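Okay, here's what each chain looks like letter by letter:
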Amino acid sequence: MHPTLSPDKGRSRPGRLAAALLILAAAMILGAPQAMAQKGGYTLGALVPLTGPLAAKGRTAKAALELAEADIRSYLAGAGSGESFSIVIEDTGSSPDKALAALKRLAEKGIRLVIGPASDDETAAVDEFASQKGVALISYGSVAQYLARKGDLLFRLCPSNTYQAEALTALVKQEGHTVMIPLWRGDTVGDELVVHAKARFKQLGGETAAGARYDPDRTDYAVILDELAKETENILAANPKAKPAIVFVGGREVVSIFREAAKRPVLAGLPWFGSDATALNDDIAKDPESAAFALRTRFTAPRYGEGGANVYTQIERRIAKETDLFPDPQSAAAYDAAWLAFLAAQTAESMDPATLKRFIPLLAERTYGVTGWLALNEYGDRREDWDFDFWALGKDGDTYFWEKIARYQLEPGLPKELYLGSPKK
């Protein structure tokens, strides 16, 4: 039987319930862990982007890891184990090269369990070295499907891009659109997500256009958007009853693209959808031109869903208190990753690769964290208890803000459902 979660608003110590549930998972597997009898300690590593473009995400992830560190120490003290626990955090600089250098520093210290990295590019850069050195990675942010491999030492607690494509196309179809026109950055992640989205939309009975792919280094988008406008006009001319929608998969360049697209009536007259890289994007909300375009086109983007359980709200508030930032669900996943890594270190007979490959999925299968069930599939990726929230821009006076308008929700063992109107899980 799995441990269950129920609301517990009367708790005075945040995180206590999450810790109890996670620890119960280990006890269910092995009874009293053998490591508890050993007077020593546990040292984990973490790869966090404390500088560079992902620094804001890094701040909330660092806070989550520090909270997990404090909670795990509290658990060990309460159990009377006498053991120590620490997480050595290394800055990846939001850079693949720096992430690899950071992992090498952790490996040189003898650390064999590492939380992170936060992004796909960083994960791709360190995955081979981690396998060579027998270092297990529990990522709280990587989602690219191309990194899903059987038998490696990479485990990921966020839902993969195949699930994001499923959620995104479900909403596009639900909104009554018959043709999906993609506009995307031509990198590995963009190409992958668009391929999955096209395939999924066709399965739902929709049509997909060629769309427009642009180089990641491009800064002038006029020609690309001219091509997209022309294709849209051709689609509408061929079938006046068609209901096309633009699906944009990109990142920081979104403001420039929105400003340029606003000059083309055919594009400004269509609904636009985005990906997780543009959901809750502050650059859009702070730029009047792009914000007006997003509002006009009802730009809507998915993001890994916030947990509805009381323990999720608790950790979210604790992270916000430490950082004065609104934490994303990946930060909550970092908290869970720390506990999962600790349980693996506590229960495994040794830290060799074969043992870690066996114990981490075994523990995840029976562990309920603040983000829900941590069960992994055959690739070591999050298997269930994932949801996506959809965010759109709203306006109050002269102020733009992001609001949740829908949720693509998975209940293990039940059909997936799309809820409109920001339901609570």
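The coordinates are above.
Quick caveat, the model's predicted, so the values are computed rather than measured. (Residues numbered from 1 in each chain as written. Predicted model: local features only at pLDDT ≥ 70, side-chain atom pairs only at ≥ 80, totals over all residues. Heavy atoms only, no water.)

A.B. asks: Could you clarify how one ought to interpret the pattern of salt bridges in this entry?
C.D. replies: A side chain of one charge can pair with a side chain of the opposite charge if their charged atoms are brought near each other. Inspection of every chain in the model, using the stated rule, returns 22 salt bridges. Where Arg259 meets Asp287, a salt bridge forms, and the shortest distance between an N and an O atom there is 2.3 Å. Here Asp287 lies in the loop between helix H10 (282–286) and helix H11 (288–296) and Arg259 lies in helix H8 (residues 254–261), a separation of 28 residues in the sequence. Classification of Asp287 as buried rests on a relative accessible area of 10%. The salt bridge involving Lys263 is made with Glu260; its shortest N-O contact spans 3.5 Å. Each member of the salt-bridge network shares a partner with another, and the members are Arg303, Glu306, Asp387, Asp389, Lys404 and Arg407. (Salt bridge = Lys/Arg side-chain N within 4 Å of Asp/Glu carboxyl O. Helix = DSSP H or I, 4+ residues; strand = E, 2+ residues; numbered from the N terminus. Buried < 20%, exposed > 50% of the residue type's maximum accessible area, 1.4 Å probe, protein only.)

A.B. asks: Looking at this structure, how should I read the layout of surface pockets?
C.D. replies: To find the voids left in a structure, one rolls a probe of water-molecule size over its atoms. For the largest pocket, the calculated volume is near 1700 Å³. As for the largest pocket, its lining consists of 47 residues, of which Pro53, Leu54, Lys57, Asp276 and Ala277 are closest to the centre. Among the secondary structure elements, those contributing two or more residues to the lining of the largest pocket are helix H2 (55–78), helix H4 (120–133), helix H5 (161–174), helix H6 (188–203), H10, strand E11 (300–304), helix H13 (329–347) and strand E14 (388–396). Broken down by element, the lining of the largest pocket gets its largest block of residues, four residues, from H6. In the lining of the largest pocket, the residues fall into 22 nonpolar, 13 polar and 12 charged. (1 Å grid on protein atoms, 1.4 Å probe; cavity = no way out; pocket = protein on both sides within 12 Å on 5 of 7 lines; lining within 4 Å. Points joined across faces, edges and corners; volume = space filled by probe spheres on them. Nonpolar A, V, L, I, M, F, W, Y, C, P; charged D, E, K, R; others polar.)

A.B. asks: How should I be thinking about the packing of aromatic side chains in this particular structure?
C.D. replies: Given two aromatic rings, one states the distance between the centres and the angle between the planes to describe the pair. Counted by the stated rule, this structure contains 14 aromatic pairs. Measuring from centroid to centroid gives 4.9 Å for Phe258 and Phe293, while their planes differ by 50 degrees, and the two rings are tilted. Of the two residues, Phe258 sits in helix H8 while Phe293 sits in helix H11, which places them 35 residues apart along the sequence. Assessed through its relative accessible area of 0%, Phe258 is described here as buried. Here Phe293 falls in the buried class, since its relative accessible area comes to 3%. Between Tyr368 and Trp373 the ring centres are 4.6 Å apart and the planes differ by 80 degrees, which places this aromatic pair in the edge-to-face class. Accessibility expressed as a relative area gives 14% for Tyr368, which makes it buried. Sitting over the ring of Phe129, Lys104 keeps its end group 5.8 Å from the ring centre. (Phe/Tyr/Trp six-rings, centres within 6.5 Å; stacked < 30°, edge-to-face > 60°. Lys NZ or Arg CZ within 6 Å of the ring centre and 35° of its normal.)

A.B. asks: Where do I start with empty space enclosed by the protein in this structure?
C.D. replies: For the structure shown, the criterion picks out one cavity of 30 Å³ or more. Each pocket or cavity is described by its volume, and for the largest cavity that value is around 30 Å³. Every residue along the wall of the largest cavity is listed here: Lys57, Ala61, Ala118, Tyr140, Asp328, Gln330 and Ser331. Looking at the lining of the largest cavity, the elements that each hand over two or more residues are H2 and H13. Looking at the lining of the largest cavity, its residues break down into three nonpolar, two polar and two charged.

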